[in-house]
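What follows is the residue order along each chain.
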Amino acid sequence: MTRTLSTPPTLPSGCLAAAPQPVLPVAEGVLLRPWERADARAFLSAYEDEETHRWHTHRPSTVAQVEDWFDGYRRDWERERGCHWAVARDSGEVLGRMALRRVDFADGVANAAYWVLPAARGAGVASRALAAVSAWALDDIGFHRLELDHSTRNDASCRVATKAGYRLEGTKRDAAVHDDGRHDMHLHARVRGDR
């Protein structure tokens, strides 16, 4: 079914897929780059970590499944449905994941998601990577609003969002199911022009 809008879309079709997915600088020696097949083992190891496992119910269980996800990530870029990056050192070492999902060109909105491997936690990697992808999406591409949500019990994710300039807008009651039951979720957002 085709939607007819009374207003033009915030973002034109092709604003992502017309070019290859970019590599984005984060900080000294850290960047965001598209996932490579050689990253599959590191990606899988994140979901074997207790903290990552706790907050993510959609998780791969084999390297082959991760490779399928990577293929899906490439298709997401081509179809302008999402953007998925490895947070990595210049040397290639994977530190974490950064993504923009649920891309809506009509309203100019996307949802950010992330995790970092245990060795990269506590060093500001996640907040700097989130700030970098947000600046690219809002300033370079033209998104108007980026959202993210996390369990109200996930204090670390709340700190990452706040440090990256995402304001806490409220609590969505019983909004997500985790392994231990339903969780309230904090909703954060960053809007173009926020500083």
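Quantities reported herein were computed from a predicted structural model and do not represent experimental measurements.

This part is about the pattern of salt bridges. One pass over the full model with this rule turns up 15 salt bridges. The closest approach of N and O atoms between Arg59 and Asp179, which form a salt bridge, is 2.7 Å. Taken as a pair, Arg59 in the loop between α2 (50-55) and α3 (63-79) and Asp179 in the loop between β7 (167-178) and β8 (181-191) lie far apart in primary sequence, 120 residues in all. The class for Asp179 is exposed, based on a relative accessible area of 52%. The partner of Lys172 in a salt bridge is Asp149, and the shortest N-O contact between them spans 2.8 Å. With Lys172 in strand β7 and Asp149 in strand β6 (residues 145-151), this residue pair connects regions lying 23 residues apart in the sequence. By relative accessible area, Lys172 is classed as partly exposed at 32%.

Attention now moves to the nonpolar core. A general feature of soluble globular proteins is that nonpolar side chains tend to end up buried together. Residues Leu32, Leu100, Leu130, Val133, Trp136 and Phe143 are the most contacted members of the largest nonpolar core, which totals 37 residues. Of all the secondary-structure elements, those providing two or more residues to this core are β1 (24-27), β2 (30-33), β3 (83-89), β4 (94-104), β5 (109-116), α4 (125-141), β6 and α5 (155-163). Here this core takes ten residues from α4, the largest share from any one element. Apart from residues no more than four positions distant in its own chain, Trp136 is found in contact with Leu16, Pro22, Leu24, Trp77, Cys83, Trp85, Leu100 and Ile141. Counting 14 residues, the second largest nonpolar core, distinct from the first, contains Trp35, Phe43, Trp115 and Leu117.

Rules of the game
Residues numbered from 1 in each chain as written. Predicted model: local features only at pLDDT ≥ 70, side-chain atom pairs only at ≥ 80, totals over all residues. Heavy atoms only, no water. Salt bridge = Lys/Arg side-chain N within 4 Å of Asp/Glu carboxyl O. Helix = DSSP H or I, 4+ residues; strand = E, 2+ residues; numbered from the N terminus. Buried < 20%, exposed > 50% of the residue type's maximum accessible area, 1.4 Å probe, protein only. Core = buried A, V, L, I, M, F, W, Y, C linked by side-chain atoms within 4.5 Å. Contact = heavy atoms within 4.5 Å.

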